[in-house]
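# Descriptive structure summary
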Amino acid sequence: MKKQFLSWLQLLAISMLLFVGCRKDDHIRYTNTSFLLTITEYIDETLTDNVGYFTSHGDPTTGGTFVMEVDVVGTDSLHCSQVLTVPNVGTITIISDCSMTTLTGTWYITEGTGAYANLRGDGSLIMNPPNETSPQEIEALHGKTWRE
């Protein structure tokens, strides 16, 4: 009986070690984050590059400028690469895929430099084209960020 009890205790201890050892994401803290991109100028009329300003809240909470390369995919989709720059701090590169029909899409961070070197994130976005009340195009990105 004592031998069985020790075996069960040993099995329980090994199970606990395995369970605790498998929890790899304990060090990652997810933060609700939003980026607001305000496009102020089209570099060329073919919509291949846009520039503007951005603000963000969450991780990071900051602002700066951005350049966006736009590639048209098929008849109604866009694939974009945005490089957000905060002077003397670093850059964040975001890739987004959007539908021109629904004006929605998804985004994810591919890399960062400086203070953002280990920043990652993803989420959804809404494109707000210029209209009577807002002469500028605005893209609102919402999601989560984390540091690796």
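Residues numbered from 1 in each chain as written. Predicted model: local features only at pLDDT ≥ 70, side-chain atom pairs only at ≥ 80, totals over all residues. Heavy atoms only, no water.

### Structural notes on the overall build of the protein chain
Tallying secondary structure elements over the protein chain gives 1 helix and 8 strands in all. For the protein chain, the α and β elements follow one another from N to C terminus as α-β-β-β-β-β-β-β-β. Considering the protein chain as a whole, with its 148 residues, one finds that 34% of them fall into the buried category. Taking the intrachain contacts of the protein chain between residues at least 6 apart in sequence as the baseline, contacts between residues at least 24 apart amount to 39%. Accessible area of the protein chain: about 9,400 Å², with a carbon and sulfur share of 60%. (Helix = DSSP H or I, 4+ residues; strand = E, 2+ residues; numbered from the N terminus. Buried < 20%, exposed > 50% of the residue type's maximum accessible area, 1.4 Å probe, protein only. Contact = heavy atoms within 4.5 Å. Areas by Shrake-Rupley, 256 points an atom, 1.4 Å probe, with all protein chains shown as cover.)

### Description of the environment of Tyr30
Inspection of the secondary structure assignment puts Tyr30 in the loop between helix H1 (2-21) and strand E1 (31-42). Separated by 116 residues in the primary sequence, Tyr30 and Trp146 have C-alpha atoms spaced 4.9 Å apart.

### As for the sheet that holds strand E3 (residues 62-73)
Read around the barrel, 8 strands follow the order E1-E2-E3-E4-E5-E6-E7-E8 and close on themselves; strand pairing throughout is antiparallel. With direction set aside, neighbouring strand axes in the sheet form an average angle of 30°. As judged from the 9 bridges shared by E3 and strand E4 (residues 77-86), these two strands associate in the antiparallel manner. Considered in E4, the bridge of Glu69 is made with Ser81. (Pairing = 2+ DSSP bridges. Axes fitted to C-alpha atoms, helices over the stretch in contact; angles between N-to-C directions.)

### Considering the nonpolar core
Counting 21 residues, the largest nonpolar core has Phe35, Leu84, Ile92 and Ile94 as its most contacted members. Secondary-structure elements contributing two or more residues to this core are E1, E3, E4, strand E5 (90-99), strand E6 (104-112) and strand E7 (119-128). With 4 residues, E4 is the largest single contributor of residues to this core. Residues within four places of Ile92 in sequence aside, it is in contact with Phe35, Pro60, Gln82, Val83, Leu84, Ile109, Glu111, Gly112, Tyr116 and Leu119. (Core = buried A, V, L, I, M, F, W, Y, C linked by side-chain atoms within 4.5 Å.)

### Points about the side chain of Glu139
Here Glu139 lies in strand E8 (residues 137-147). The buried charged residue Glu139 lacks any salt bridge, with Arg120 as its nearest oppositely charged partner at 19 Å. Dropping the residues within four chain positions of it, Glu139 is found in contact with Phe35, Leu36, Leu37, Ile39, Met68, Gln82, Ile126 and Met127. (Lys, Arg positive; Asp, Glu negative; His and termini not counted. Salt bridge = Lys/Arg side-chain N within 4 Å of Asp/Glu carboxyl O.)

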